[in-house]
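Reading the structure
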Amino acid sequence: MPNKVALVTGGSRGLGRAICTSLAGEGFDIAINYQGNAQAAEETRAACQAKGVRAEIFQADVADYAATKQMIEAVTGKLGGLYGVVANAGITPGFGYVNETDPETWRRVMDVNVNGVFNTLHAAASPLKAQGAGRIVAISSLATRYFNPGFGPYAASKAAVQGLVAVMGREMAQW
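A few points on the structure. (Residues numbered from 1 in each chain as written. Predicted model: local features only at pLDDT ≥ 70, side-chain atom pairs only at ≥ 80, totals over all residues. Heavy atoms only, no water.)

Concerning the pairing of strand β5 (residues 135-138)
Consecutive residues of a regular strand have side chains that alternate between opposite faces of the sheet. Alternating positions in β5 separate cleanly, I136 and A138 being buried on one face and R135 and V137 remaining unburied on the opposite face. The sheet contact formed by strand β4 (residues 84-87) and β5 spans 4 bridges and is parallel. Among the inter-strand pairings, G84 is bridged to a residue of β5, identified as R135. Once the chain exits β4 it traverses helix α4 (residues 103-131) before rejoining the sheet at β5, and the crossover so formed is right-handed. (Buried < 20%, exposed > 50% of the residue type's maximum accessible area, 1.4 Å probe, protein only. Helix = DSSP H or I, 4+ residues; strand = E, 2+ residues; numbered from the N terminus. Pairing = 2+ DSSP bridges. Right-handed = clockwise from strand over helix to strand, strands pointing away.)

Take a look at the structure:
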C-alpha cells in the first residue's frame, strides 16, 4: 500500500465520524472533510489523534467542484498522499411526496449527494491513478431498495451514487 491516508467527506459527525475513528483505529491517517460545523470536525480530529494517527481537517462544500479539487490537493500535500476515499457527505431533505418537493430542494439534494460524490471521486482519481492503487467507497442507503413514499429525492440521489461507483470501480480496475 503506497500510504495509509484516507479522506472521509462529511467526516465531522454521525456516520462520518464513526468511519474516521474506525479507519484511525486501523492505522490510517485521516483527512476529515466538513462543510459547516468546525467544532464537530475538531472533536473528530481529537478522537482520531487519540488513536495515534495524524488527522487533519479540510473545509469544503463537496457540491462545489473547484472547492473539492482544491481540498484533494490540500489533503495530498499536507498528508503526503491519498489511498482511500470515503464519499460520505450527504443531506436528507424534509420528507414529502415528489410532486410536493420544491425544485430547489431537489437540486440541492442532487448537488450534494450525487455531484458531491462525482466531484470527490473525480478529483481523487488523478492521485489514485498516479500511484497505481487506492480504494473508493461511497455511502448509499436502503432507501434505494424500499422506495418508501416521501423519500423521492434522497432515494434517487443514492441510486445514482450506486451506479456511479459501480462504473468507476470497474474503470479503476483497468488502471
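Moving on, there is more to tell.
A few points about the environment of F58
Tracing the backbone shows F58 in strand β3 (residues 55-59). Here the alpha-carbon distance between F58 and V167, two residues 109 residues apart in the chain, equals 27 Å. Apart from residues no more than four positions distant in its own chain, F58 is found in contact with A31, I32, N33, Y34, M71, A74, V75, K78 and L79. (Contact = heavy atoms within 4.5 Å.)

Points about helix α2 (residues 38-49)
The end-to-end C-alpha separation of α2 is 16 Å, in line with the 16 Å expected for 12 residues at 1.5 Å each. Along α2, the residues classified as buried are A40, A41, T44, R45 and C48. Relative to the axis of α2, the buried residues are bounded by an arc of 140° and lie together on one face. Where the residues of α2 are buried, they touch α1 (14-25), β2 (29-34) and β3. (Expected span 1.5 Å × (residues − 1). Arc of directions from axis to C-beta.)

Let's talk about unusual backbone geometry
Although it is not a glycine, F147 sits at a positive phi angle of roughly 50°. On the basis of relative accessible area, F147 is assigned to the exposed category, the value being 63%.

Things to note about the pairing of strand β1 (residues 5-8)
Taking every second residue as pointing to the same face, both faces of β1 are buried, with V5 and L7 on one and A6 and V8 on the other. Both β1 and β2 contribute to a ladder of 4 bridges, which runs parallel. Within the sheet, the bridge partner assigned to L7 lies in β2 and is A31. In this fold, β1 hands off to α1, which returns the chain to β2; that crossover is right-handed. Sheet analysis places β1 next to β4, joined by 3 bridges and oriented parallel. Counterpart to L7 in the pairing with β4 is V85.

Overview of the side chain of S141
You can see S141 is positioned in the loop between β5 and α5 (143-146). Within polar-contact distance, the side chain of S141 engages the backbone nitrogen of A143 at 2.9 Å. Leave out the neighbours within four places in its chain, and S141 touches Y154, K158 and Q162. (Polar contact = N/O pair within 3.5 Å; in protein donor to acceptor, adjacent residues only side chain to side chain.)

Remarks on the side chain of S12
Within the secondary structure, S12 sits in the loop between β1 and α1. Residue S12 is classed as buried on the basis of its relative accessible area of 6%. Here S12 is in contact with R17, I32, N33, Y34, N37, A40, A41 and T44, once residues within four sequence places are set aside.

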